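Results of the structural survey
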Amino acid sequence: MVAIEDRLDRVVDQVGTIILGKERAIRLALSCLLARGHLLIEDLPGMGKTTLAHALARCLGLQYQRIQFTSDLLPADILGAAVYERQRETFVFHHGPIFAQLILADEINRATPKTQSALLEAMEEGQVTIEGETRRLPEPFFVIATQNPAYQIGTFPLPESQLDRFLMRIELGYPDRQAERLLLEGEDRRAVLTRLVVDMTPAQLDEAQARVAAVHVAPPLLDYVQSLLVFSRESNRFRGGLSPRAGLALLRAARAWALLHRRGHVLPEDVQAVLPAVVGHRLHPGDDHLEQSASDLVGQLLDAVVLPA
Amino acid sequence: MIATIGGWVGGRRRKKTAGPPAELLSASALTWLLTTLLLAVAPRIGELPVWLTLLFVVGVGWRGWIAFRNKSLPSRWLVLSLGLLAAAGVLIDYRTLLGRDAGMALLAAMTACKPLETRSQRDGVVLVFLGYLLVMGNLLYSQDIPMVAYLLAVLLVMLASQVMIYRQHAGLTAFAPLRLAVKMVVQAIPVMLILFVLFPRIPGPLWSLPRDAYQGRTGLSDEMMPGTVSQLSKTDEVAFRVRFVGDMPRANQLYWRGPVLWDFDGRRWARIDELPARPPAGLIPEGAALDYSVMLEPSNRRWLLALDMPASPPPRAIMTASFQILRDRPVNEVYRYEMRSYPQYRTGPLNEFQRSRALRLPESGNSRARALAAEWQARDSHPEALVNAALALFHDQDFRYTLTPPLLGGDSVDDFLFRTRQGFCEHYASAFVFLMRAAGVPARVVTGYLGGEPNQVGHYLIVRQADAHAWAEVWLPERGWVRIDPTAAVAPMRIQEGLYAAVTDPQTLPFLVRRGGDSEWLRQLAMAWDSFNNAWNEWVLAYGPDRQKEFLSGLGFGPVDWGEMTVAMTVTLAGLGLIVVGLRWRAGLVRQPVVRAWSRCCARLARRGLARGPHEGPLAYAARVAASRPELAEPLGEIARRYAALRYGPEAAPAEVRQLQRLVRQFRA
């Protein structure tokens, strides 16, 4: 019997053989999944967003569906629709691609807001309602959405309220020189992908998620988290502070990160590690600091709040 | 104050050699700071020389302009010469650099120049402290309620600027520093109250102000010329307030005795120096006593006012043979004392010295008055008859009681009695005593206050400068000194109804002394405000050694000396501190042994130049230290891991804590 922690490490290692030199991003993505949250990857095309999602799905043994978002995609294309079958003389529901355990919503900002919100509602509720009938989505249900940065032409950036539905937003970024060399030397990624071994069963994933919820959080750590939240609300660098939901998200993500690092309790380092990914898309610069990027803002938040010994 | 300015100059020199560049002051912190400085100096604008006010505004405005336009600061030499010029200006204006006014001006001048070389956070803190000094300086001028409230508000803003300076990168919103300042001040209130109540008040001039702080007080003086008392009637400033034990006496008994004047030089009545009466003045009471307490406003004079006739002086005061009460030093703070007087009395025999002084007149002058007195004496030399003759003269002839009498010539008494016949109380008292002495009756002038206005809100009596009065005393063989008020013969309303009803030209009186009319409601409001002021005086400003003893014994502590008070204060403050620590302990904020051990370990590393960052977690810190000091990786890693588990993990066995403490003890950085 292999311990959950070892299984998780193997997942990280295996995905690391495909997405080279991005261990931190892989761990964040895995934490996000363990914390039962959805992930938004924001980056330029060709950075391996799709590959990461696919590799995670394979290693975790999840049913995988990829939906390419386009400007003419309709909600029914995602959710499915009732189709008339002549033989049976009745309407039969045809499941849309959303009925899978891991959905890759590729380039989500290319679709119209209407289609976006169909997906986001499903994410929030864990169920979809089509033609008056509510259907449960599979368990676990995990969405990895990718998005091109908003300055690209022909996109519909997700509104702030929708961004909040994602537990984390990460960027992959260019690989470093050494990783890129390996990438260039190595074989086709798709071939590697097919060789990946399933490390976890859905039951084991479920157990890991339960373990995350049981990770201990001590009062001093809550003090620290609260200081972060309070500061974001009181400081004029941010427009509106972090919501209570953001606070809960931060704790959940930090618990998952701690478990991934084989700890039964959350350390301030865990909070700090997930902080950019969890709050980066929830913080907005104040009126006097409009030019600042999300990572600047998170950096300031981190710097300003003192961690007592 | 001067020492601080010296320190400031010293500080400026030290700054030149300062090593690392200090953190620059942000524009918003600077805005707060400059605003506060302007607010702090604002109450003094009227008294500072105009050039200094301008300098202040220019200095502060210039610095603000520099901050907002991103200009560079003026050169050090320019600022230095500006500072020297300003100091020279103060020296020329005041002819000194010492004392209250010049000191305050110098402080303002230096504070005006300082912003021009204010660059870093540290400079900002220096400016804040200059601001605190300015606030304290304002208290040397006035301690009344509006001023104290204003200065408290300035203090809050100043504290907020300080918060802003220390946390300028925290990106605080506009009112966050102010909120924090209010919170801090509220938390400081218990400590302030304890210090106020229990800090030993030692009698004596230990806390006295520079001499010039007491100039320009209005009030009675120790001499009287035509016009000195009527001049006082033009001001409605409060002279003192009185609270009676029991009922208030009738209006015609409210003669508040002040300086007794013996010597006349033809125009001016003056005091003579008297020793304390031994045995005490020879008062023979007839009738009931009156007990009351007086809250005297600062007068910069030694005398204390008391009703005719005072029985004995309060502590640290003496009573002279003419029943004047003198304190051991001038009254320069609101002073509260308790008195007992007997409205009905006789006094003992007159000694030779007093008789000769009470009959002495200038060699010559005022011949018509002398002739008149001689005529009366020839008719009936009985003293009572002579007194009545003089009062009849004032009553029957066409004398008028006015605040604006015509000017008198060289023979002032003759001029008044036979030509102008218009005068205020000092004219009548002076002429009366002159006539009595000329007719051979021992007499003297008494100055003080007559009457007062009951405050129905606070149940006490307000006596204003406008109530100043002068009357006479004659010595009659059977009864001793007897009070005769010649004004009563001319204007009886003055005694019964007060000044407003008595004078023929009431419109010249100040507002608060007038009665009736449309603005009566405003006067009622003024009374309520005065009652508030009186409470402030009684409980805050007059809280001196006596009041403190009284208050503490009222709490059931019995008589306490200042040593015991110091102990009580220390114990109370320590108790308060313990309560605060206890509360924090309960809130889990006090460092537990685990945290203490870790802090010790961090402190040891900090001494080696490897301080923990303000938001660095234990494992991250250990990893960073290990990178630069690989030999520490193992022991420190172990400590950090254990500390992290103990602090952030579930509750652990005490043995785990001891193990951590042992590891930290063995740890050598």
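Since the structure is predicted, the reported quantities are computational estimates derived from the model, not experimental observations.

The rules behind these values
- Residues numbered from 1 in each chain as written.
- Chains lettered and ligands numbered in written order.
- Predicted model: local features only at pLDDT ≥ 70, side-chain atom pairs only at ≥ 80, totals over all residues.
- Heavy atoms only, no water.
- Helix = DSSP H or I, 4+ residues; strand = E, 2+ residues; numbered from the N terminus.
- Buried < 20%, exposed > 50% of the residue type's maximum accessible area, 1.4 Å probe, protein only.
- Contact = heavy atoms within 4.5 Å.
- Phe/Tyr/Trp six-rings, centres within 6.5 Å; stacked < 30°, edge-to-face > 60°.
- Lys NZ or Arg CZ within 6 Å of the ring centre and 35° of its normal.
- Salt bridge = Lys/Arg side-chain N within 4 Å of Asp/Glu carboxyl O.
- Axes fitted to C-alpha atoms, helices over the stretch in contact; angles between N-to-C directions.
- Parallel < 35°, antiparallel > 145°, perpendicular 65-115°, else oblique.
- Left-handed = near helix turned anticlockwise from the far one by under 90°.
- Nonpolar A, V, L, I, M, F, W, Y, C, P; charged D, E, K, R; others polar.
- Pairing = 2+ DSSP bridges.
- Buried area = accessible area lost by both parts, 1.4 Å probe.
- Polar contact = N/O pair within 3.5 Å; in protein donor to acceptor, adjacent residues only side chain to side chain.
- Expected span 1.5 Å × (residues − 1).
- Patch = residues over 30% accessible without salt bridge, like charges linked within 9 Å, V, L, I, M, F, W, Y side chains within 5 Å.
- Areas by Shrake-Rupley, 256 points an atom, 1.4 Å probe, with all protein chains shown as cover.
- Lys, Arg positive; Asp, Glu negative; His and termini not counted.
- Charge placed at Lys NZ, Arg CZ, Asp CG, Glu CD.
- Arc of directions from axis to C-beta.
- pLDDT = per-residue confidence, 0-100.

1. Focus on the overall build of chain A
Along its length, chain A carries 13 helices and nine strands. Within the span of chain A, comprising 309 residues, buried residues form 55% of the whole. Restricting to contacts in chain A with at least 6 residues of sequence separation, those with at least 24 account for 77%.

2. Quick notes on the packing of aromatic side chains
For any pair of aromatic rings, geometry is given as the distance between the ring centres together with the angle between the planes. Summed over the entire model, instances satisfying the criterion amount to 26 aromatic pairs over all chains. Summarising the aromatic geometry, the rings of Phe231(A) and Phe238(A) are spaced 6.3 Å apart at their centres and angled 80 degrees between planes, so their arrangement reads as edge-to-face. As far as the burial class goes, Phe231(A) and Phe238(A) line up, both buried. The interplanar angle of 25 degrees and the centroid separation of 4.9 Å between the aromatic rings of Phe196(B) and Tyr543(B) together place this pair among those described as stacked. Residue Phe196(B) is found in helix 8 (residues 176-198), and its partner Tyr543(B) is found in the loop between helix 18 (520-541) and helix 19 (545-554); the two are separated by 347 residues along the sequence. Members of the aromatic cluster, joined through ring pairs, are Phe240(B), Phe244(B), Trp256(B), Tyr292(B) and Tyr449(B). The ring of Phe418(B) has Arg368(B) sitting right over it, with the charged end atom 4.2 Å from the ring centre.

3. Focus on the pattern of salt bridges
Scanning the model with the defined rule gives 43 salt bridges over all chains in all. A salt bridge links Arg268(B) to Glu223(B); its shortest N-O distance comes to 2.5 Å. Taken together, the positions of Arg268(B) in the loop between strand 4 (263-264) and strand 5 (269-270) and Glu223(B) in strand 1 (residues 223-224) put the pair 45 residues apart, joining distant regions of the chain. When its relative accessible area of 33% is taken as the criterion, Arg268(B) is described as partly exposed. On the basis of relative accessible area, Glu223(B) is assigned to the partly exposed category, the value being 27%. Linking Arg379(B) and Glu375(B) is a salt bridge whose minimum nitrogen-to-oxygen distance equals 3.9 Å. Taken as a pair, Arg379(B) and Glu375(B) lie in helix 11 (residues 367-379) at a separation of four residues, close to a single helical turn. Its relative accessible area of 47% is what places Glu375(B) among the partly exposed residues. Three or more residues joined by partner-sharing salt bridges are found here, namely Glu124(A), Asp164(A), Arg165(A), Arg245(A) and Arg282(A).

4. Let's talk about the packing of helix 21 (residues 593-607) of chain B against helix 22 (residues 618-628) of chain B
Residue and element names in this part refer to chain B. One can describe the packing of helix 21 onto helix 22 by two numbers: an axis separation of 13 Å at closest approach and a directional angle of 30 degrees. Between helix 21 and helix 22, the crossing angle belongs to the class labelled roughly parallel. With respect to the hand of their crossing, helix 21 and helix 22 are arranged in left-handed fashion. Where helix 21 abuts helix 22, its residues Trp598, Cys602 and Leu605 lie against Pro618, Tyr621 and Val625. Class assignment of the residues belonging to the contact of helix 21 with helix 22 gives a composition of six nonpolar, no polar and no charged.

5. Points about the sheet that holds strand 3 (residues 255-261) of chain B
Here we have five strands laid out as an open sheet, ordered 9-3-16-19-20 (chain B), and antiparallel in their pairing. This sheet does not close on itself; its edge strands, each paired only once, are strand 9 (306-307) and strand 20 (480-484) of chain B.

6. Re the pairing of strand 7 (residues 290-296) of chain B
Residues and elements named next belong to chain B. Burial analysis of strand 7 places six of its seven residues in the buried class, which makes it a mostly covered element. Inspection of the sheet shows strand 2 (residues 238-245) paired to strand 7 by six bridges, in the antiparallel sense. Pairing of Val242 across the sheet is with Val294, part of strand 7. Pairing between strand 7 and strand 12 (residues 335-341): seven bridges, direction antiparallel. The residue of strand 12 that forms the bridge with Tyr292 is Met339.

7. What about the sheet that holds strand 4 of chain B?
All names here are of chain B. With antiparallel pairing, the three strands of this open sheet are ordered in space as 1-5-4. Each end of this open sheet is capped by a strand with a single partner; those strands are strand 1 and strand 4. Summarising the sheet, strand 1 and strand 5 pair through two bridges and their orientation is antiparallel. Within the sheet, the bridge partner assigned to Met224 lies in strand 5 and is Trp269.

8. Section: the interface of chain A and chain B
Taken together, the 24 residues of chain A in the interface contact 24 residues of chain B. Around 2,000 Å² of area is buried between chain A and chain B when both sides are counted, 55% of it from carbon and sulfur atoms. Scanning the region where chain A abuts chain B turns up zero salt bridges. Taken together, the links from chain A to chain B amount to eight residue pairs in polar contact (both at pLDDT 80 or more). Residue assignment for the side of chain A that touches chain B shows that the elements contributing at least two residues are helix 10 (219-234), helix 12 (268-279) and helix 13 (294-304) of chain A. Of all the elements, helix 10 of chain A adds the most residues to the side of chain A that touches chain B, at five residues.

9. So, helix 8 of chain B
When the terminal C-alpha atoms of helix 8 of chain B are compared, their 34 Å separation across 23 residues agrees well with the 33 Å that a helix rising 1.5 Å per residue should span. Here helix 8 of chain B has its buried residues at Ala176(B), Pro177(B), Ala181(B), Ile194(B) and Leu198(B).

10. Points about a positive patch on the surface
All names here are of chain B. Together, Arg596, Arg600, Arg658, Arg662 and Arg665 make up a region of like positive charge exposed at the surface. By residue number, the principal contributor to the positive patch is helix 24 (residues 654-666), which donates three residues. By secondary structure assignment, the location of Arg600 is in helix 21. On the accessibility criterion, Arg600 (40% relative accessible area) is partly exposed.

11. Comments concerning helix 4 (residues 76-94) of chain B
Think of an α-helix as 3.6 residues a turn; residues three or four steps apart then line up on the same face. All names here are of chain B. Its 19 residues place the ends of helix 4 27 Å apart at the C-alpha level, agreeing with the 27 Å of an ideal helix rising 1.5 Å per residue. Of the positions making up helix 4, those classed as buried are Val79, Gly83, Ala86, Ala87, Gly89 and Val90. Each buried residue of helix 4 lies within a common arc of 155 degrees when the element is viewed along its axis, so the set occupies one face. Opposite the packed face of helix 4, turned more than 90 degrees from it, sit the exposed residues Trp77, Leu84, Leu85 and Ile92. The positive-phi residue at the C-terminal boundary of helix 4 is Arg95, with phi of around 60 degrees.

12. Regarding the confidence of the model for chain B
Residues and elements named next belong to chain B. The predicted model of chain B has a mean per-residue pLDDT of 84, with 90% of residues at 70 or higher. The low-confidence segment residues 1-21, where pLDDT is below 50, has 23 contacts with residues more than four positions distant or belonging to other chains. Note on the complex model: pTM 0.58, ipTM 0.85.

13. Comments concerning unusual backbone geometry
Here the residue pair Glu139(A) and Pro140(A) is connected by a cis peptide bond, since its omega of -15 degrees sits within 30 degrees of zero. Within the fold, Pro140(A) resides in the loop between strand 7 (133-136) and strand 8 (142-147). Following Asp308(B), the chain continues into Met309(B) via a peptide bond in cis, with omega recorded as -20 degrees. Mapping Met309(B) onto the fold places it in the loop between strand 9 and strand 10 (317-319). At Glu89(A), a residue that is not glycine, the phi angle is positive and equals roughly 50 degrees.

14. Here's the deal with the packing of helix 12 (residues 383-396) of chain B against helix 14 (residues 425-438) of chain B
Residue and element names in this part refer to chain B. Where helix 12 meets helix 14, the closest approach of the two axes is 10 Å, and the angle between their N-to-C directions is 145 degrees. Classified by chirality, the crossing of helix 14 by helix 12 is right-handed. Between helix 12, through Leu386, Val387, Ala390, Leu391, Leu393 and Phe394, and helix 14, the contact on the second element is made entirely by Tyr428, Ala431, Phe432, Leu435 and Met436. A class-by-class count of the residues in the contact of helix 12 with helix 14 yields 11 nonpolar, no polar and no charged.

15. Considerations on the environment of Gly458(B)
Residues and elements named next belong to chain B. Take Gly458: it is sitting in the loop between strand 17 (453-455) and strand 18 (460-464). C-alpha separation for the pair Gly458 and Ser531, spaced 73 residues apart in sequence, amounts to 5.2 Å. Setting aside residues no more than four positions away along its own chain, Gly458 makes contact with Arg243 and Ser531.

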